[in-house]
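Structural description and commentary
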Amino acid sequence: MKKYLTLISLAIIACLLLVTGCSSQTQSGEKKDGTKVMKLGIVTNKDRSLTKGLQKFAELVEKESGGTIKGEVFSDGVLGGDRQVLEALQMGTVHGTAVSTGVVAAFAPRFDAFDLPFLFKDKATAYKVFDGPIGQEVLQDLPKSGLIGLAYWENGFRHLTNNKREVRTAEDIKGLKIRTLESKVHVETWKTLGANPTPMSFSQLYTALEQGVVDGQENPYGNVVTSKFNEVQKYLTNTGHVYNANVFIVSKVFWDSLTDKEREAVKKAAEESKTYQRKLNEEEDQSSVKYLTEKGMKINDLNAGEKDKIMQMLEPIYKQVSTAIGGDLVDRLVKAAK
């Protein structure tokens, strides 16, 4: 038996050495020929604007770097959920992603401020804040967590869907089991409205809706369409309760392996991809409502006065976030958003 176990151990060691010896790529993504392969992971469907943004980034970064960096995009959560991908970035086994600010807040708490309900009245205001001094300041919180934030891409305004009933009033929300982002702000928002929030990875969501684990969820139109949530959800309410940016993030392990010229190439590609992706997302918004209606989804607005009522109910969330991260940022953010 001991000899048998020794032979097995030797076989395992041999296999490990073979894998290690045959590997042409280091943890930071560099191949033996000097090319750096940038592994890009995201939870969204291959047809979603965010995934297409990563594909555009891969194309641009190869061009801008003169071919020394090549991007490989892995969509549909094949590399794991948002948190798993961010943890992989910290280790350097994945090199780039675009993740909702609410999820990023688990690694850099001040990002919670961006997910305050009804903070932004429109996209133009959101762009001004994220691309301006406040947005750039908060990106500087990421390096100490092993992450480098380069730009804010767009997920869009989030809307509520469910399979129980039409939601037209604040009262209609009570008791609904709603999947949320893995975010304290999102969980507290729905809890305050009387719902039963259930945080889970986006990659698990369709199955959870299909099996009735949750009654509903909240996402921008593009995610509802490309993930086919209309197949397992009857009702959509245009709540627009949160404008959701996605942070384009690079692994610090990977970033530190780059030359100055390559870093500039990554920065330029991230910025150009941001413009491209936001435009695609706007096109998704414009086409999605018609598509979902044609597919039989019942779409409605909140009744008159209900949005103001819900906003008043959610005022304590602002106080909670101010206490948790410091009121100065929240005060400046609210002022800038107005």
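Residues numbered from 1 in each chain as written. Predicted model: local features only at pLDDT ≥ 70, side-chain atom pairs only at ≥ 80, totals over all residues. Heavy atoms only, no water.

1. So, the side chain of Arg179
Short version of the rule: Counting from the N terminus, the helices are DSSP H or I runs at least four residues long and the strands are E runs at least two residues long. Classification of residues uses two cut-offs on accessible area relative to the type maximum, computed with a 1.4 Å probe and protein chains only: under 20% is buried, over 50% is exposed, and between them is partly exposed. Neither His nor the chain ends contribute to the count of charged residues, in which Lys and Arg are positive and Asp and Glu negative. Salt bridges are defined as contacts in which a side-chain nitrogen from Lys or Arg sits within 4 Å of a carboxyl oxygen from Asp or Glu. We define a polar contact as two N or O atoms separated by no more than 3.5 Å, with the added condition that, inside protein, one atom must be a possible hydrogen donor and the other a possible acceptor, whereas residues neighbouring each other in sequence contribute only through side-chain atom pairs. We call two residues in contact when some of their heavy atoms are within 4.5 Å.
Position of Arg179 relative to the elements: it lies in strand S5 (residues 177–180). One buried charged residue, Arg179, forms no salt bridge at all, with the nearest opposite charge on Glu218 at 4.9 Å. Here the side chain of Arg179 touches Met200 through a polar contact of 2.9 Å, landing on its backbone oxygen. With residues near it in sequence (within four places) discarded, Arg179 still touches Arg158, Thr198, Met200, Ser201, Phe202, Leu205, Val214, Gly216, Gln217, Glu218 and Asn219.

2. Remarks on the pattern of salt bridges
In the structure shown here, the tally under the stated rule is 22 salt bridges. Close ionic contact of Glu264 with Lys267 constitutes a salt bridge, the shortest N to O distance being 3.6 Å. Of this pair, Glu264 and Lys267 both sit in helix H12 (residues 260–294), separated by three residues, roughly a single helical turn.

3. Describing helix H8 (residues 184–192)
All buried positions along H8 are accounted for by Val185, His186, Val187, Thr189 and Trp190. Gly194, located one to two residues past H8, shows a positive phi value of around 90°.

4. Comments concerning the pairing of S5
Put simply, the rule is: Strands are labelled as partners when DSSP assigns at least two bridges between them.
Note that S5 and strand S6 (residues 196–199) share four bridges and pair parallel. Of the residues in S6, the one forming a bridge with Ile178 is Pro197. Sheet topology note: the S5/strand S7 (residues 216–219) ladder contains two bridges and is parallel. Bridged to Ile178 within S7 is Gly216.

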